[in-house]
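Listed below, chain by chain, are the residues.
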Amino acid sequence: MDKDVILMNREIDSRYLSFLLNEREKNNLFFYLVDYRETYKSESSSIIGTDINIPPSEVDKILSNFKKEDVIIIYTDDIRRLKKEAIHFIHAGIQNTHIIKEEFKDISMDLKTF
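Described in the following lines is the structure provided in the data block. (Residues numbered from 1 in each chain as written. Predicted model: local features only at pLDDT ≥ 70, side-chain atom pairs only at ≥ 80, totals over all residues. Heavy atoms only, no water.)

Structural notes on the nonpolar core
Move 1: Counting 18 residues, the largest nonpolar core has Leu-20, Phe-31, Leu-33, Ile-47 and Ile-73 as its most contacted members.
Move 2: Where this core is concerned, the elements lending two or more residues are α2 (17–25) and β5 (71–75).
Move 3: Looking at this core element by element, the count peaks at 4 residues for α2.
Move 4: Ignoring anything within four residues of it in the chain, the contact list for Ile-47 reads Leu-17, Leu-33, Tyr-75, Phe-104, Ile-107, Leu-111 and Lys-112. (Core = buried A, V, L, I, M, F, W, Y, C linked by side-chain atoms within 4.5 Å. Buried < 20%, exposed > 50% of the residue type's maximum accessible area, 1.4 Å probe, protein only. Helix = DSSP H or I, 4+ residues; strand = E, 2+ residues; numbered from the N terminus. Contact = heavy atoms within 4.5 Å.)

Printed below as a string of structure tokens:
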């Protein structure tokens, strides 16, 4: 697997996520893994390695904390909404914005914490 090939796509299959997390752990790649769900959902379960929870209602306030060159991978429980709202990240100048194309409930249990 090649991390650069995976990151060429805006939408990433969740089966590649453990590979990307492994690469990050080895310092071969840096990205922010963002949980784009309400805080109460994030507190009950999330993906191992999640860096930040951004509730949809707070996205505009939090985007200024990222640099334009940051790589961001986002997951959520409402993929249709995220596909529409990921544009907030891109309009903020964060061009390396990617989304996990499966909803949280469909992501492998091996990747989750409870």
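Picking up after the structure, the text goes on.
A word on the sheet that holds strand β1 (residues 11–12)
Move 1: Pairing is parallel in the open sheet, where 5 strands are placed in the order β1-β6-β5-β2-β4. Of all strands in the sheet, those with a lone pairing partner are β1 and β4 (52–53), marking the two edges.
Move 2: Sheet topology places β5 next to strand β6 (residues 96–100); 4 bridges connect them, and they run parallel. Bridge pairing in β6 places Ile-72 opposite Thr-97.
Move 3: On top of the sheet, α2 reaches β1, β2 (32–35), β5 and β6; it is set at about 135 degrees to β2, its chief contact. (Pairing = 2+ DSSP bridges. Axes fitted to C-alpha atoms, helices over the stretch in contact; angles between N-to-C directions.)

Brief notes about the packing of aromatic side chains
Move 1: Under the criterion given, the structure shown has 4 aromatic pairs.
Move 2: Ring centres of Phe-30 and Tyr-32 lie 5.0 Å apart, and the angle between their planes is 85 degrees; on these two criteria the pair is classed as edge-to-face.
Move 3: Taking 6.4 Å as the distance between ring centres and 70 degrees as the angle between the ring planes, the aromatic pair formed by Tyr-36 and Phe-89 counts as edge-to-face. Placement of the pair is Tyr-36 in the loop between β2 and α3 (39–44) and Phe-89 in helix α6 (residues 87–91), with a sequence separation of 53 residues. Here Tyr-36 and Phe-89 have matching classes, each one buried.
Move 4: Through a chain of ring-to-ring contacts, three or more aromatic side chains come together here, namely Phe-30, Tyr-32 and Phe-66. (Phe/Tyr/Trp six-rings, centres within 6.5 Å; stacked < 30°, edge-to-face > 60°.)

A short note on the environment of Asp-4
Move 1: Relative to the helices and strands, Asp-4 is located in helix α1 (residues 3–6).
Move 2: Since its relative accessible area comes to 48%, Asp-4 is described here as partly exposed.
Move 3: Separated by 16 residues in sequence, Asp-4 and Leu-20 have C-alpha atoms that sit 10.0 Å apart.

Some words on the environment of His-88
Move 1: Note that His-88 resides in helix α6.
Move 2: C-alpha separation for the pair His-88 and Leu-63, spaced 25 residues apart in sequence, amounts to 8.2 Å.
Move 3: If sequence neighbours within four positions are ignored, His-88 has contacts with Val-59, Asp-60 and Leu-63.
Move 4: Here Asp-60 takes part through its side chain, which lies 3.4 Å from a polar atom of the side chain of His-88. (Polar contact = N/O pair within 3.5 Å; in protein donor to acceptor, adjacent residues only side chain to side chain.)

Observations regarding α2
Move 1: Every buried residue of α2 is listed here: Leu-17, Phe-19, Leu-20, Leu-21, Glu-23 and Arg-24.
Move 2: Residues of α2 that are buried sit in contact with α1, β1, β2, β3 (46–47), β5 and β6.
Move 3: Positive backbone phi, approximately 65 degrees, marks Asn-27, located one or two places after α2.

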